[in-house]
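Understanding the architecture of this molecule
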Amino acid sequence: MKPESIQKSVQSEIDRLSQKKRKEMNPEERVRLLQLKLYLKAKQESGFKFYILYDKLFLNHVLVEAYKRTKSKQGSPGIDNRSFADVEKYGREKFLAEIGEELRKRTYKPDAVKRVWIKKENGGLRPLGIPTVKDRVVQQACKLAIEPIFEADFDESSHGFRPKRSAKDAIKEIKGNLKGGDQIVYDADLSKYFDTIPHEKLEIALKERIADPRILELIKQWLRVPIVDSDGKYSGGKKNRKGTPQGGVISPLLANIYMNLLDRIVNNPTGYFAKRGVKMIRYADDFILMSKELKEETIIKVHGYLERMGLQINTEKSRMVKAREESFDFLGFTFRYDQSILFKGSKFWNVFPKAKSEKKIRQKINQKLKSIGHYAAEDVAKELNPILRGWMNYYRIDKVSYTQVSFRKLYDYLRNRLYRYYNRKSQRKSSMYGKHAFKILVEEYGLIKPYRTSGLRPVNTIR
């Protein structure tokens, strides 16, 4: 959509919401109206700086909406071991009123962030920072106020952690570029991006739009908050000058604000890269460069900009690919130029979940079935459905997507795995023993089918 059309659409929505009286508007609508006005102002005046934003954070409807969005994500308690259930028991209104008062008086101070380690797909570990529920709510309130301002500036090629955008948009753009002839691909991997963002340079990027010192000070506090490991050891704190904890509500937005500097350089329509036909597609800290002819000097130039930003490319994991000759992976998908089965001599750009992703979903199903033991059929379906739904929602690109092949393979695995699950010796007393367990679970207990069965036939897969 063209900028003029976007602004017209936003203005129309503002007019619609403004017709309502405040008493008739719920917190979500009031926050929506605020965000639309901020976005439109930022879109209309690219050099405008916002001086008064902090006061928006402790508005009751902003805090109510911030709490609602934070609670919808659930998540583990922070260092204070206070969960959302504890907050509800204490009193949500009282909890938010106290936060609002701290923000109003500027006595709010964030607690330390609890660090846990989660397994990565490659077998390594990734640090995840868990702020307290209180800090998450305040971060969400801040995000509600500043995100629309930076959204007005973000490049169309950026798809990660943004409203109404997803990995699917990035995948579709890549496939479109491949079809258009941009088949030389540089698959880049940044080394520990979230841990290496320089605070001083990030602040410069924030100050391009934010001139309210209270907001800047608040963000600085979150960036320099101490981190506590499971053994009780503290790190970071006031002396810390780089990194933003993965797991913080506002961290993805800050990461996008900083990487937008590179987006603007590479995708500048009159710049060095555009003149050489180079396109950049980014999802958070993952990005690829695409062109009909991508030279080494262009890659070196990108590396140079990243070094000036205080970031570093992992050269061992980054590589140049001629996509017609070899496949490449991005965001859990594999892109490959395949021979068509239906039309001899014809090839097409095939996009499907990469092998590790298919293996991982099978392992999750297997582990879940091993852990639930003698659950009732209804509960088996309830336990499996979130796993299936999440995987399928991520990998279903569109109704005619080639990922349906992977869904059929998952169907075949699930059907056979459930047959084995109900026919083991310990399950002989189960009413599902010796029967078509998968069919019964689908038809009677609502188990999700891994694909639409119309016109599709299960295929064999490695179990």
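Everything below is about the structure printed above this text.
Residue positions within a chain follow its written sequence, with the count starting from 1. Local features in a predicted model are, by the rule used here, given only for residues with pLDDT of at least 70; side-chain atom pairs are given and counted only at 80 or more, and totals for whole chains, interfaces and linings are based on all residues. Hydrogens are left out, water is left out, and the side-chain values use all remaining heavy atoms of the structure.

**Here's the deal with the packing of aromatic side chains**
- Side-chain rings of Phe, Tyr and Trp (the six-membered ring for Trp) are treated as a pair once their centres are within 6.5 Å; stacked means planes under 30 degrees apart, edge-to-face means over 60, and tilted covers the remaining angles. If you walk through the whole model with that rule in mind, you get 17 aromatic pairs.
- Each ring, one from phenylalanine 161 and one from tyrosine 283, has its centre 5.9 Å from the other, and the planes form 45°; the classification is tilted. Of this pair, phenylalanine 161 sits in the loop between α7 (133-151) and α8 (167-179) while tyrosine 283 sits in strand β6 (residues 279-283), and the two are 122 residues apart along the sequence.
- Residue burial is assigned from relative accessible area. The probe radius is 1.4 Å, only protein chains are included, and a residue is buried under 20% of its type maximum, exposed over 50%, and partly exposed in between. Phenylalanine 161 gets classed as partly exposed once you look at its relative accessible area, which sits at 43%.
- When the NZ atom of lysine or the CZ atom of arginine is within 6 Å of a ring's centre and also within 35 degrees of its normal, the charge is said to sit over that ring. For arginine 82, the ring lying beneath its charged end belongs to tyrosine 90, and the centroid distance is 4.8 Å.
- When the ring centre of tyrosine 272 is taken as origin, the NZ or CZ atom of lysine 301, which lies over that ring, is 4.8 Å away. Put simply, DSSP marks the helices as runs of H or I at least four residues long and the strands as runs of E at least two long, and each gets a number from the N terminus on.

**Things to note about unusual backbone geometry**
- With a phi angle near 60°, alanine 284 is a residue other than glycine that sits in the positive phi range.
- Mapping alanine 284 onto the fold places it in the loop between β6 and β7 (286-291).
- Since its relative accessible area comes to 6%, alanine 284 is described here as buried.
- Phi angles above zero are rare outside glycine, and leucine 331 is one such case at about 55°.

**Overview of the environment of isoleucine 79**
- Assignment of secondary structure puts isoleucine 79 in the loop between α4 (60-73) and α5 (84-90).
- Residues are treated as being in contact if the distance between any of their heavy atoms lies within 4.5 Å. Apart from the residues lying within four places of it in its own chain, the contact partners of isoleucine 79 are Asp111, Ala112, Lys114, Thr132, Val228 and Tyr234.

**Examining the packing of helix α15 (residues 355-372) against helix α16 (residues 377-395)**
- Axis lines are fitted through C-alpha atoms, for helices just across the contact stretch, and the angle between N-to-C directions can take any value from 0 to 180 degrees. Close contact between α15 and α16 brings their axes to 10 Å; oriented N to C, the two are set at 170°. Judged by the angle between their axes, α15 and α16 are roughly antiparallel. In this structure, α15 uses Ser357, Glu358, Ile361, Lys364, Ile365, Lys368, Leu369 and Ile372 to contact α16, whose residues at the interface are Val380, Glu383, Leu384, Ile387, Leu388, Trp391 and Tyr395.
- All residues other than Ala, Val, Leu, Ile, Met, Phe, Trp, Tyr, Cys, Pro, Asp, Glu, Lys and Arg, Gly among them, are scored as polar; the first ten of these are nonpolar and the last four charged. In terms of residue class, the contact of α15 with α16 is built from 10 nonpolar, 1 polar and 4 charged. Convention used here: angles under 35 degrees read as roughly parallel, angles over 145 as roughly antiparallel, angles from 65 to 115 as roughly perpendicular, and any remaining angle as oblique.

**Observations concerning the packing of helix α10 (residues 199-207) against helix α12 (residues 251-266)**
- Closest axis-to-axis distance for the α10/α12 pair is 9 Å, and the angle between their directions is 85°. By the angle between their axes, α10 is roughly perpendicular relative to α12. Residues Lys201, Leu202, Ala205 and Leu206 of α10 touch α12, and the partners they reach there are Leu254, Ile257, Tyr258 and Leu261.
- For the contact of α10 with α12, the per-class residue count stands at 7 nonpolar, no polar and 1 charged.

**Focus on a positive patch on the surface**
- Only residues whose relative accessible area exceeds 30% and that form no salt bridge are eligible for patches; like-charged ones are grouped when within 9 Å, while nonpolar side chains (Val, Leu, Ile, Met, Phe, Trp, Tyr) are grouped when within 5 Å. In short, Shrake-Rupley with a 1.4 Å probe defines the accessible areas, and a residue's cover is counted only from the protein chains shown. Note on definitions: salt bridges are taken to be side-chain nitrogens of Lys or Arg within 4 Å of carboxyl oxygens of Asp or Glu. Working convention for charge: Lys and Arg count positive, Asp and Glu count negative, and His plus the chain ends are omitted. A charged residue contributes its charge at one atom only: NZ of Lys, CZ of Arg, CG of Asp or CD of Glu. Taken together, Lys201, Lys275, Arg276, Lys295, Lys301 and Arg308 make up a surface patch of like positive charges.
- Tracing the backbone shows arginine 276 in the loop between α13 (272-275) and β6.
- Classification of arginine 276 by relative accessible area gives partly exposed; the value is 37%.

**Regarding the nonpolar core**
- Residues Ile146, Phe287 and Leu289 are the most contacted members of the largest nonpolar core, which totals 79 residues.
- Among the elements that take part in this core, α7 stands out by supplying 10 residues, more than any other.
- Other than its neighbours up to four places away in sequence, leucine 289 contacts Ile184, Val185, Tyr186, Val266, Val278, Lys279, Met280, Leu294, Ile299 and Val302.
- Nonpolar cores are built from buried Ala, Val, Leu, Ile, Met, Phe, Trp, Tyr and Cys residues. Side-chain atoms within 4.5 Å join them into one set. By size, the runner-up hydrophobic cluster in this structure holds 51 residues, among which are Met290, Trp349, Met432 and Ile440.

**A word on the sheet that holds strand β5 (residues 234-236)**
- On the basis of which strands lie adjacent, the open sheet formed by 4 strands has the order β2-β1-β4-β5 and mixed pairing. Whereas interior strands pair on both sides, the edge strands pair on one side only; in this sheet they are β2 (125-130) and β5. Sheet twist, expressed as the average angle between the axes of neighbouring strands with direction ignored, equals 40°.
- Relative to β5, strand β4 (residues 226-228) runs antiparallel, the two being bridged by 3 bridges. Considered in β5, the bridge of proline 226 is made with glycine 236. Pairing between strands requires that DSSP locate at least two bridges from one strand to the other.

Coordinates in, geometry out; function isn't part of it.
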